[in-house]
Amino acid sequence: MIAVPAVLAVGAMAVLMGQGALAASFAVSGTSFQVSSGKLTSSGLSSYVQTDRSVDGKGHPVALLGIGNARLSDICQSARVKTPVGTVVFKLMAGGEAGEVTASNLIIDGEDLTGDARFGTAQIGRDASTLDAVQGVRGEPGKFGLQAGNIEVAGVRSHAWSATGGNFRLKGLKLNVSLDGKQCF
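Residue numbers run consecutively from 1 along every chain, following the written order of its sequence. The model is predicted, so local features are restricted to residues of pLDDT at least 70 and side-chain atom pairs to those at 80 or more, both for listing and for counting; the totals for chains, interfaces and linings are taken over all residues. Side-chain metrics in this entry use all non-hydrogen atoms of the structure; hydrogen atoms and water are not considered.

Caption draft 1: The side chain of Q34, seen in detail. Here a strand is any run of E in DSSP of at least two residues, a helix any run of H or I of at least four, and the numbering for each starts at the N terminus. Summarising the element assignment, Q34 is placed in strand β1 (residues 33-42). To sort residues, take the accessible area from a 1.4 Å probe on protein chains only and compare it with the maximum for the residue type: under 20% means buried, over 50% means exposed, and anything in between is partly exposed. For Q34, a relative accessible area of 8% corresponds to the buried category. Any pair of nitrogen or oxygen atoms within 3.5 Å is treated as a polar contact; in protein, a donor-acceptor pairing is required on top of that, and neighbouring residues in sequence qualify only through side-chain atoms on both sides. Side-chain polar atoms of Q34 contact the backbone nitrogen of C184, separated by 3.1 Å. Should any heavy atoms of two residues lie within 4.5 Å, those residues are considered in contact. Look past the residues within four positions of Q34 in its chain and what remains in contact with it is C76, Q77, S78, S158, H159, Q183, C184 and F185.

The following block contains the structure:
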């Protein structure tokens, strides 16, 4: 019951962003979250450093990861959220036996990313304003950037502040909010 208004609000924002009626830039909540997947593949990756801001003005340095057309074997996203009844774990899972999870123009503002990776045609140290591997993902002139063609990452684990995408397809979606829940990792 606690999560229903939040889920509806996130769904409405996703629809508006997908239609271009709402910008994907927003103040982050001040709560980072975990994201994991057994395997991520994509036709492109662009990345540069930026700072996310929460409503209180606090800055959170992140690596903006722009992923063109992502395919994930499975996905788990979890966050610890303080509520009047105690700290709960908000957890979303999809994929696995239900089939692949897909996302186009996925943007993750992450503070870390671990896994076993393979990058095709990597360009490390490229000026962030010239990145072109993922449409619309460019940083400021003179800033450090990197990009790659095809990517594959197995055993994905990340702590992130935000994730947005044009179109998500979450086969086998499961959402759970519980006082005694476990996070993704």
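That covers the picture; the talk isn't over yet.
Caption draft 2: Structural view of the environment of S46. For S46, the position within the fold is in strand β2 (residues 45-53). Residue classification places S46 among the buried residues on the basis of a relative accessible area of 0%. Along the backbone, S46 and G145 are 99 residues apart, and their C-alpha atoms lie at a distance of 7.5 Å. Residues in contact with S46, not counting those within four places in the same chain, are L64, L65, G66, L131, A133, V134, V137, L146 and Q147. Among the polar contacts made by the side chain of S46, one reaches the main-chain amide nitrogen of V134 at a distance of 3.4 Å.

Caption draft 3: Spotlight on the state of the cysteines. Defined by distance alone, a disulfide is two cysteine sulfur atoms within 2.5 Å. Per the counting criterion, the structure on display carries 1 disulfide. Covalent S-S linkage joins C76 and C184, the inter-sulfur distance amounting to 2.0 Å. Classification of the bridge connecting C76 and C184 rests on its S-S torsion, roughly -85°, and on that basis the disulfide is left-handed. Here the residue C76 occupies a position in strand β4 (residues 74-83), and C184 occupies one in the segment after β11 (174-178), the gap between them amounting to 108 residues. On the basis of relative accessibility, which here comes to 9%, the residue C76 falls in the buried class. Note on C184: relative accessible area 19%, which makes it buried.

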